[in-house]
Amino acid sequence: MSRTVPAKRMPQRGAPRPVLDPPGRRRAATVALCLLVASSIFFLPDAFVRWFLPKDALAAIAVVLASVGVARGRLPRWFVAAASAALAVALLSVLISAAPGVQLWGRWPRYEGLVTLPVYFGAVWTGARLLGPTAPTNTLRTLIRAIATAAIALGLVSLLEAAGARPIATDLARPGSLTGNATDQGVLGAIFCAMLILPVLRAWTEPRKALAERAWLSTALLLAAATVIVSASRAGLLAAVTVLGILMVLEIVRSPGRRRLRPIGLTALAGVVLIGGALAVPFTRSRLLGVSPLSTQSLEGRFTFWSDAADVLAERPLGVGVNGFLNANSRNSTSDSVLDSPHNWVIQVLLAGGIPLLAVVVGLLVTAAVVGLRSWRRLCVPEPVSATARRSTSGLVSADAARSDVLAGALAALGGFGVALLTHFTAPSTTIVAALLLGVLATRAPDGGLRGQIRPGSTRLAATAVRTAILGVWSIWLVILVSAEIPLASGVSNAARDDIQAAESAFKAAYAIRPWDADLAGIAAQSFAAAADARVPGAAALSVHWAELSRAALPNTATTERALAVGQFADGNAPGAVKTLDALVELAPMDPTIAVQNAIALYTNGNTDDARREVKRALALDPTNDVALQLEEILRHE
């Protein structure tokens, strides 16, 4: 009888233990996303310009927190290479520009140089890091909930302003809600719509969704749409229509068989609601149909802006460098049209670095869109599934369904944003969120896998600590820069009240914080020039001082040169004012107010014939100029 030898039991491989996300790092990622979205509607009430630098500072703090959170993705090498190439081309263009130092930092009021552009890149990096391929469903929901909350806040203020209330003090006919600009208001509303439409549809088709979440998301979507409508922004409406079109196409591709008719019907219904709402609001209707004189003027102005920018490009095919358009366009500017942007993103990039920069930027954006579209398609066209699964939401598991909606929303949002920027300019209120979504499209899986990100070795931990410390110093620096807006606002208001000593003290405090900011010195010069023109004692000399301080770093700025001339004239230096104005007339020959100012200086200096010539030129530019008409009458009796 043989003995049976028991078989040796082989060790069984159990299911891998789930990798826990440390609570502290998870909370950091959550707060980072919330702050980054909130930065689009954040403002500082007491700042001189409430709408730009404060948003940048809050977004920078969000980037610091993103550095602490677990990496769920990363920017691919091709994106980093393309961004580095764009930076190199832009930097070269700035270095050969008229004022490299000032243009490198950025010009007032958006400072899209070393101040703001790193914030935009930080938002892209945050989107790629926190919302990458391994991001859990809760993180994706955090993004949507943050956008919903911001949309509700933006929409409520928008409705209050549309009803005639002014919750935020302003004298503008179109205050712009929490963005400070009506077009930014409409475009941001369209971006929020893009990210909310699909989650709202899923919330109402999935029975497990809580009623509170359905109500919250639905309210946010309605208020985002209302924001677009009451903004009376044609760029915002066009962006919203673009969003609907892109989402419809994506949902048609995503839906099987006869269900493809559903997105067409829903899109048609949404379009009717959007256009019907726009036509139902009188102010929006008048702008949309071109009945409002302001709307006609605005539309004609865009063609003038583009024509002027084309003239600048004809003279400088390689561009004028980032932030160089304002001074380069002086020959085409008048007192009513002082532009720091051509209101078209393609022309803006051409001006910043010519065709080389445009090629790099377009290539980067197209590649990101293709990568994002492929990622979306992989999620939405899975392997064959059972009939039961097909009847569920696209047959996707929860995380994949949530991610596919985020990717679709990001594609639609960036498509609408790009269309809107064909007639508008970049600003933190819209660009920060758009940059975050660009990172979502471009991201790829993190190096080392998720476990390596959550349980880093000493080298990775040290790198994270160093990176976070550097980003922390950067964010503190931005907060300090923003703090200069408070004394700057005080200086302007004190100068307007003829309190020259208090104004000078405030301007000095602001300039001590931003000593590189030639535009800040120029604002001080203009404030004192207005007081000098009103014969306030001591203002003239201060106007000259601040103007010379500004022009030392930033020459050939029309507003600064004009303030210098006013100060010189009020200080009794008529020959100096004539000399300054002679150069200023060459710098800005289309500005009638400068022609009038030059005529007054020439007349005071005894040059009657030249004064007559300048009066004649001023009236040719603006036949209704009251000062020119009065001076013409005086000279007629000379």
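Only a predicted model underlies this, so the values are computations on that prediction, with no experimental measurement involved. (Residues numbered from 1 in each chain as written. Predicted model: local features only at pLDDT ≥ 70, side-chain atom pairs only at ≥ 80, totals over all residues. Heavy atoms only, no water.)

**Quick look at the overall build of the chain**
- Each helix and strand counted, the chain has 28 helices and zero strands in total.
- The dimensions of the chain, computed from C-alpha atoms along their principal axes, are 140 × 55 × 45 Å.
- Taken over 638 residues, the chain has a buried fraction of 52%.
- A fraction of 75% describes how many contacts in the chain between residues 6 or more apart in sequence connect residues 24 or more apart.
- In the chain, the 58 positive side-chain charges and the 41 negative ones have mean positions that sit 25 Å from each other. (Helix = DSSP H or I, 4+ residues; strand = E, 2+ residues; numbered from the N terminus. Buried < 20%, exposed > 50% of the residue type's maximum accessible area, 1.4 Å probe, protein only. Contact = heavy atoms within 4.5 Å. Lys, Arg positive; Asp, Glu negative; His and termini not counted. Charge placed at Lys NZ, Arg CZ, Asp CG, Glu CD.)

**Brief notes about the confidence of the model for the chain**
- Put simply, the chain has an average pLDDT of 90, and 92% of its residues get 70 or more.
- Segment residues 1-19 is flagged for pLDDT under 50; beyond a separation of four residues in sequence, or across chains, it makes three contacts in the model.
- This stretch, residues 385-395, has a pLDDT under 50; its non-local contacts, to residues over four places away or in other chains, come to seven contacts. (pLDDT = per-residue confidence, 0-100.)

**Digging into helix α23 (residues 539-553)**
- Between its first and last C-alpha, α23 extends 22 Å over 15 residues, near the 21 Å set by a 1.5 Å rise per residue.
- Listed as buried for α23 are A539, A540, L542, S543, V544, W546, A547 and S550. (Expected span 1.5 Å × (residues − 1).)

**Examining the environment of L244**
- Mapped onto the elements, L244 comes out in helix α9 (residues 234-254).
- We classify L244 as buried; its relative accessible area is 13%.
- Distance in space between the C-alpha atoms of L244 and I264 is 9.9 Å, their sequence separation being 20 residues.
- If sequence neighbours within four positions are ignored, L244 has contacts with I197, T267, A270, G271 and L274.

**Observations regarding the nonpolar core**
- Core analysis: the biggest nonpolar cluster contains 111 residues, and F79, L143, F192, L196, L437 and L478 have the highest contact counts within it.
- For this core, the leading source of residues is helix α7 (residues 182-205), giving 13 residues.
- If you look at the next biggest cluster of nonpolar residues, it comprises 27 residues, including A510, A521, A531 and L542. (Core = buried A, V, L, I, M, F, W, Y, C linked by side-chain atoms within 4.5 Å.)

**Description of the packing of α9 against helix α16 (residues 398-420)**
- Contact geometry of α9 with α16 gives a least axis separation of 8 Å together with a crossing angle of 145°. Classified by chirality, the crossing of α16 by α9 is right-handed. For the pair α9 and α16, the contacting residues are A235, L238, A239, T242, V243, I246, L247, L250 and R254 in the first and A401, S404, D405, A408, G409, L411, A412, A413, G415, G416, V419 and A420 in the second.
- When its residues are assigned to classes, the contact of α9 with α16 shows 14 nonpolar, five polar and two charged. (Axes fitted to C-alpha atoms, helices over the stretch in contact; angles between N-to-C directions. Left-handed = near helix turned anticlockwise from the far one by under 90°. Nonpolar A, V, L, I, M, F, W, Y, C, P; charged D, E, K, R; others polar.)

**Points about the packing of aromatic side chains**
- Enumeration according to the criterion identifies 10 aromatic pairs in this entry.
- Residues W105 and W477 carry aromatic rings whose centres are separated by 5.9 Å and whose planes lie at 45° to one another, so their mutual orientation is tilted. Taken together, the positions of W105 in helix α4 (residues 100-105) and W477 in helix α19 (residues 458-483) put the pair 372 residues apart, joining distant regions of the chain.
- Following the ring pairs from residue to residue traces out a cluster consisting of W105, Y111, W477 and W516. (Phe/Tyr/Trp six-rings, centres within 6.5 Å; stacked < 30°, edge-to-face > 60°.)

**With respect to the packing of α7 against helix α17 (residues 428-442)**
- Axis separation between α7 and α17 bottoms out at 9 Å; the angle between their running directions is 25°. The orientation of α7 with respect to α17, classified from their angle, is roughly parallel. In the packing of α7 onto α17, the handedness of the crossing is left-handed. Of the residues in α17, those touching α7 at D184, V187, L188, I191 and M195 are S429, T430, V433 and L437.
- By residue class, the composition of the contact of α7 with α17 is six nonpolar, two polar and one charged. (Parallel < 35°, antiparallel > 145°, perpendicular 65-115°, else oblique.)

**Focus: the pattern of salt bridges**
- For the coordinates displayed, the defined rule picks out 18 salt bridges.
- The salt bridge partner of E112 is R110, with a shortest N-O separation of 3.0 Å. For the residue pair E112 and R110, the accessibility class agrees, reading buried in each case.
- The partner of R514 in a salt bridge is D517, and the shortest N-O contact between them spans 3.0 Å. When sorted by exposure, R514 lands in the same class as D517, which is buried.
- Put simply, R202, E251, R254 and D405 are held in one network by salt bridges that share partners. (Salt bridge = Lys/Arg side-chain N within 4 Å of Asp/Glu carboxyl O.)

**Comments concerning the environment of A182**
- Along the chain, the position of A182 falls in helix α7.
- In this structure the C-alpha to C-alpha distance between A182 and T557, which are 375 residues apart in sequence, comes to 28 Å.
- Contact partners of A182, with chain neighbours within four places excluded, come to R174, G176, S231 and S233.

**Remarks on unusual backbone geometry**
- Note that the residue after W108, namely P109, is joined by a cis bond; omega there is 5°.
- Residue position: P109 is located in the loop between α4 and α5 (117-130).
- Not every positive phi belongs to a glycine, and Y111 is a case in point at roughly 50°.
- With respect to the helices and strands, Y111 occurs in the loop between α4 and α5.
- With relative accessibility at 1%, the residue Y111 sits in the buried group.

**Some words on the side chain of R74**
- Checked against the element boundaries, R74 lands in the loop between α2 (53-68) and α3 (77-95).
- Beyond its immediate stretch of four places on either side in the chain, R74 contacts A128, T443, R444, A445, P446 and D447.

**Regarding a nonpolar patch on the surface**
- A contiguous nonpolar patch, built from V241, I275, L279, L288, L289 and V291 and spanning about 490 Å² of accessible area, is present on the exposed surface.
- Mapping L289 onto the fold places it in the loop between α11 (282-288) and α12 (293-315).
- Residue classification places L289 among the exposed positions, given a relative accessible area of 55%. (Patch = residues over 30% accessible without salt bridge, like charges linked within 9 Å, V, L, I, M, F, W, Y side chains within 5 Å. Areas by Shrake-Rupley, 256 points an atom, 1.4 Å probe, with all protein chains shown as cover.)

**With respect to α9**
- Its 21 residues place the ends of α9 30 Å apart at the C-alpha level, agreeing with the 30 Å of an ideal helix rising 1.5 Å per residue.
- Listed in full, the buried residues belonging to α9 are A235, G236, L237, A239, A240, T242, V243, L244, L247, L250, E251 and R254.
- Turning to α9, the residues buried within the fold contact α7, α8 (211-230), α10 (261-280), α11, α14 (345-380) and α16.
- Two or three places before A235, at the opening of α9, S233 has a side-chain oxygen 3.4 Å from that residue's backbone nitrogen. (Polar contact = N/O pair within 3.5 Å; in protein donor to acceptor, adjacent residues only side chain to side chain.)

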